[in-house]
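# Architecture at a glance
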Amino acid sequence: MSEGKNNTSDLEQFFSANEKRMEDELFELLRIPSVSAKSEHNADTKRCAEWMKQSLDKIGVPAKIYSTKGHPIVVGEWRKAPGAPTVLIYGHYDVQPAEPLDLWTTPAFEPAVRDGKIFARGSVDDKGQIFLHVKALEAHLTTRGKLPVNVIVLVEGEEEIGSDNLAEFVESNKEMLKADAVVISDSAMFAEGQPSILSSLRGLAYFEINVQGPAGDLHSGSYGGAVQNPATALARIISTFHDGNGHIAIEGFYDKVRDWDAKIREGMRNLPFDDAGMMKEVSVDALGGEKGYTTLEKLWIRPTCEVNGLLSGYTGEGAKTVLPAKAMAKVSCRLVPDQNPKEIEKLMAAHVAKVAPPGVKATVTALHGGSPWRADLDGPIFEAAKRALAKSYSKEPVVVGEGGSIPVVSDFQRVLNAPVLLVGFGLPGENAHAPNEWMSEENFRIGMRAMAALWDEYAAGTG
Ligand code: BES
Ligand code: ZN
């Protein structure tokens, strides 16, 4: 344990004396519109990578920028703790598009604090969370001139678009990235004040489905009723994805789904979760999904098939009688161990080919994917995290699942063969990917203290 002379009070003093400056620095980062999905922001993502590099250089973690076919990757390294373990801290500096802009109370890239919440695109996903790690390292380096462990910081710019170039980067740089543990903060706590460690992430298989009917739009009076309508055809296709119980009806879809340990399911059932609270949070009067599972099970341990977007025909003002030539849907499946995005791609293509009505041509294009992941939750990094979180939050952490995806996690585990600790500082209702995204100021502050404590705990637990 980290008692004695170098106890945490030196770090605490540093944090309290520098709180305002650290938040100001975070705001600078949040002002950069590093939207990875849109090429019009390419200069901004580049600038953001440079900003990240400088913020690491400044604290004494020299960093380099690695260009990729897409957005650059920033890697900082500090390796002056011989004999101590090496940790890899991962996060992403890219953000989701901010649209629809008119629904933001204050502009997406002009951070503002209201009610203890830092509002800005990327505040919690993931700039605030990766930056709190940088500040935790700074606290050690400034107050003690060193870190208790060796550290690699990897911040990428393509997480929100599937991390397509990162797996290859990890493969070809596995010597540089070799670590005893990987630590990631890009998720949420189960509830306010309740520190949480993730036991799983879902994977993803993302598709675009295009349905082509006649060569061009047609008069719906002259042709409607005789010519197959692509919008209707697409609706029919989509309606076959689930049966009446919310079970996915794509042949073979569940074949690889591994059973969950009874203990983990039991743990999930014991978490205080209230469907009514979730209904209220998202303003609906009933929840949906697969029969026979609790809400947390539906979110954490069951796969899904969701429509993310639909486009067809006339959607402007007033009425236009037209039979559209084509229709398009964006569809994504969240996957659980041991489903594989490539296999799901094949099953989806076969299913759509089977159910598409005659008179239209339906094609399925895979956009990106990521594998699901399940943690082992054993070993020194998890023990250290439990201690550090319990001290910083004065509450024992809970183990929770997660419905979202972080594509590189399974690659880290596979290529680096290191345990991955996911410890998030977001909160329910944080509006990630939506207008008015926020990060709790308190979690930014406690999070950096907890992560600074983690390195002491981890070094003590492995030394
Ligand atoms: N931070 C999220 C992952 C996440 C989502 C954690 C929800 C906890 C709760 C990450 O930035 C993200 O949004 N990932 C994408 C990945 C996709 C684009 C491959 C996701 O889950 O949609
Ligand atoms: Zn995200």
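Let me sum up the structure you'll find in this document. Owing to the predicted nature of the structure, the values given are computational and were not obtained by experimental measurement.

Each neighbour pair has its own omega, and for E99 with P100 the value is -5 degrees, a cis peptide bond. The omega angle of the peptide bond from P337 to D338 is 0 degrees, so this bond is cis rather than trans. Topologically, D338 is positioned in the loop between β14 (326-335) and α10 (341-355). Backbone geometry at S283 places phi at a positive 60 degrees, although glycine is not the residue there. In this fold, S283 is placed in the loop between α8 (275-282) and α9 (295-300).

Now for the coordination of the zinc ion (ligand 2). Coordination of the zinc ion (ligand 2) by the protein involves D125 (OD), E160 (OE), E160 (OE) and H433 (NE2), with metal-donor separations of 2.0 to 2.5 Å. Sequence spacing among the residues donating to the zinc ion (ligand 2) works out to D-x34-E-x272-H. Linking E160 in the loop between β6 (150-156) and α4 (166-172) with H433 in the loop between β18 (420-422) and β19 (438-440), this pair joins segments that are 273 residues apart in sequence. Take H433: its relative accessible area is 41%, and that puts it in the partly exposed class.

Within a sheet, neighbouring strands are paired by backbone hydrogen bonds and run either parallel or antiparallel to one another. Here we have 6 strands laid out as an open sheet, ordered β1-β2-β6-β3-β7-β18, and mixed in their pairing. The open sheet terminates on both sides in strands that have one partner only, identified here as β1 (63-66) and β18. Adjacent strand axes in the sheet meet at a mean angle of 20 degrees, parallel and antiparallel pairs treated alike. Direction of pairing for strand β7 (residues 181-184) relative to β18: parallel, over a ladder of 3 bridges. By the bridge assignment for β18, V183 is matched with L421. In this fold helix α3 (residues 123-144) packs onto β2 (73-78), β3 (86-92), β6 and β7, with an angle of close to 145 degrees to the strand it touches most, β3.

With 14 residues, helix α11 (residues 380-393) should reach 20 Å at 1.5 Å per residue; the first-to-last C-alpha distance of 20 Å fits that figure. Buried within α11 are the following residues: I381, F382, A384, A385, A388, L389, A390 and Y393. Following α11 by one or two positions, S394 has its phi on the positive side, about 50 degrees.

For the coordinates displayed, the defined rule picks out 0 disulfides. C305 provides the cysteine sulfur closest to C333, a residue in no disulfide bond, and the two sulfurs are 3.8 Å apart. On the basis of relative accessible area, C333 is assigned to the buried category, the value being 0%.

The next subject is the packing of aromatic side chains. In this description, an aromatic ring pair is defined by two values, namely the gap between the centres and the angle between the planes. For the structure on display, the rule yields 6 aromatic pairs. Look at W51 and F131: their rings are 5.6 Å apart centre to centre, the planes differ by 50 degrees, and that puts the pair in the tilted class. Of the two residues, W51 sits in helix α2 (residues 42-59) while F131 sits in helix α3, which places them 80 residues apart along the sequence. Like W51, the residue F131 is buried in the burial classification. Centroid distance F190 to W300: 6.2 Å. Interplanar angle 65 degrees. Geometry classified as edge-to-face.

Here we come to α10. In this model α10 runs 21 Å from its N-terminal to its C-terminal C-alpha over 15 residues, within 8% of the 21 Å that 1.5 Å per residue would give. Turning to α10, its buried residues number three or more, namely P341, I344, M348, H351 and V352. Along the axis of α10, the buried residues cluster in a sector spanning 95 degrees; they form a single face. Projecting away from the buried face of α10 at angles above 90 degrees are the exposed residues K342, K346, A353 and K354.

Rules of the game
Residues numbered from 1 in each chain as written. Chains lettered and ligands numbered in written order. Predicted model: local features only at pLDDT ≥ 70, side-chain atom pairs only at ≥ 80, totals over all residues. Heavy atoms only, no water. Helix = DSSP H or I, 4+ residues; strand = E, 2+ residues; numbered from the N terminus. Donors = N, O, S within 2.8 Å, 3.2 Å for Na, K, Ca; no water. Buried < 20%, exposed > 50% of the residue type's maximum accessible area, 1.4 Å probe, protein only. Pairing = 2+ DSSP bridges. Axes fitted to C-alpha atoms, helices over the stretch in contact; angles between N-to-C directions. Contact = heavy atoms within 4.5 Å. Expected span 1.5 Å × (residues − 1). Disulfide = S-S within 2.5 Å. Phe/Tyr/Trp six-rings, centres within 6.5 Å; stacked < 30°, edge-to-face > 60°. Arc of directions from axis to C-beta.

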